[in-house]
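# Notes for the structure review
Each chain, letter by letter, is given below.
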Amino acid sequence: AVELLQRFEVNEPVGAFLGVTALVYALIFAAAYSEAHSRLDEIRTSLTLEASGVHTAMLLARSLDAGNAAHQTRVLLLFAAYIEQLSDEIAAGCTGVLEESGGSSSPSVPSSSGCSSSIETLYAAIPYLSKICNDGENDEMDRLLVQRTIDMINKVSEARSIRETATHNGLSWITLLF
């Protein structure tokens, strides 16, 4: 028993050192987890705003008094194409996460060229909206609705930019040091 007590006294500083080391690593892990969790929340929030904005823009476009239904149909088709591109990007991002966890050395991230084409798809609706606005039928109300629709397109673009920035930013350099 005396020998065990002597061993404990000799190894006491080692135990304290291991405790402090474990605490430091726990704090680093907690900071990394918190940072990743806040990025995930930011991505979810911006994706929700993006989807909500497209939905609102579609509802506004449907309420326009289009003398030429072809323009209104084209606007709605462009919005639907944007939603399809968005869902493809999300699916590609999920595939990249699955490939990364399966041991792939580099995760596949949707290309930024696909991202710009999606925004261009939304902005391609503006000429058709202006044609609806100037068709001679109920123009004042159409102008208000078209302006609101364009505002929604701009909000979708802002939400998309925030989401892409949060998606492509890595962890902080302090976290990566350890």
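Scroll up to find the structure.
Residues numbered from 1 in each chain as written. Predicted model: local features only at pLDDT ≥ 70, side-chain atom pairs only at ≥ 80, totals over all residues. Heavy atoms only, no water.

Secondary structure summary: the protein chain contains six helices and zero strands in total. The helix and strand sequence of the protein chain, counted from the amino end, reads α-α-α-α-α-α. Evaluated residue by residue, the protein chain yields a buried proportion of 25% over its 178 residues. Considering only intrachain contacts with a sequence separation of at least 6, the fraction spanning at least 24 residues in the protein chain is 76%. Accessible surface, the protein chain as shown: approximately 11,400 Å² in total, 63% of it carbon and sulfur. (Helix = DSSP H or I, 4+ residues; strand = E, 2+ residues; numbered from the N terminus. Buried < 20%, exposed > 50% of the residue type's maximum accessible area, 1.4 Å probe, protein only. Contact = heavy atoms within 4.5 Å. Areas by Shrake-Rupley, 256 points an atom, 1.4 Å probe, with all protein chains shown as cover.)

With that settled, the discussion passes to helix 4 (residues 125-133). By the burial criterion, the buried members of helix 4 are Ala 125, Leu 129, Ile 132 and Cys 133. Projected down its long axis, helix 4 carries its buried residues within an arc of 100°, all on one side. (Arc of directions from axis to C-beta.)

Now for the nonpolar core. Ranked by internal contacts, the top residues of the largest apolar core, which has 24 residues, are Leu 64, Val 75, Phe 79, Tyr 82, Leu 122, Leu 129 and Val 146. When contributions to this core are tallied by element, the ones reaching two or more residues are helix 1 (2-62), helix 2 (69-101), helix 3 (112-123), helix 4 and helix 5 (139-168). Those residues in contact with Leu 122 that lie beyond four places of it in its chain are Phe 79, Tyr 82, Ile 153 and Val 156. (Core = buried A, V, L, I, M, F, W, Y, C linked by side-chain atoms within 4.5 Å.)

Okay, the pattern of salt bridges next. Counted by the stated rule, this structure contains six salt bridges. The residue Arg 160 makes a salt bridge to Glu 50 at a minimum N-O spacing of 2.9 Å. Of the two residues, Arg 160 is situated in helix 5 and Glu 50 in helix 1; the sequence distance between them amounts to 110 residues. Classification of Arg 160 by relative accessible area gives buried; the value is 1%. Assessed through its relative accessible area of 0%, Glu 50 is described here as buried. (Salt bridge = Lys/Arg side-chain N within 4 Å of Asp/Glu carboxyl O.)

Residue position: His 71 is located in helix 2. By relative accessible area, which is 18% here, His 71 ends up buried.

For the pair helix 4 and helix 5, the least separation of the axes is 9 Å and the interaxial angle reads 165°. Relative to helix 5, the element helix 4 is oriented roughly antiparallel. For the pair helix 4 and helix 5, the crossing hand works out as left-handed. Here Ile 126, Leu 129, Ile 132 and Cys 133 of helix 4 come into contact with helix 5, specifically with Asp 139, Asp 142, Arg 143, Val 146, Thr 149, Ile 150 and Ile 153. (Axes fitted to C-alpha atoms, helices over the stretch in contact; angles between N-to-C directions. Parallel < 35°, antiparallel > 145°, perpendicular 65-115°, else oblique. Left-handed = near helix turned anticlockwise from the far one by under 90°.)

By themselves, these are just geometric observations and shouldn't be taken as functional.
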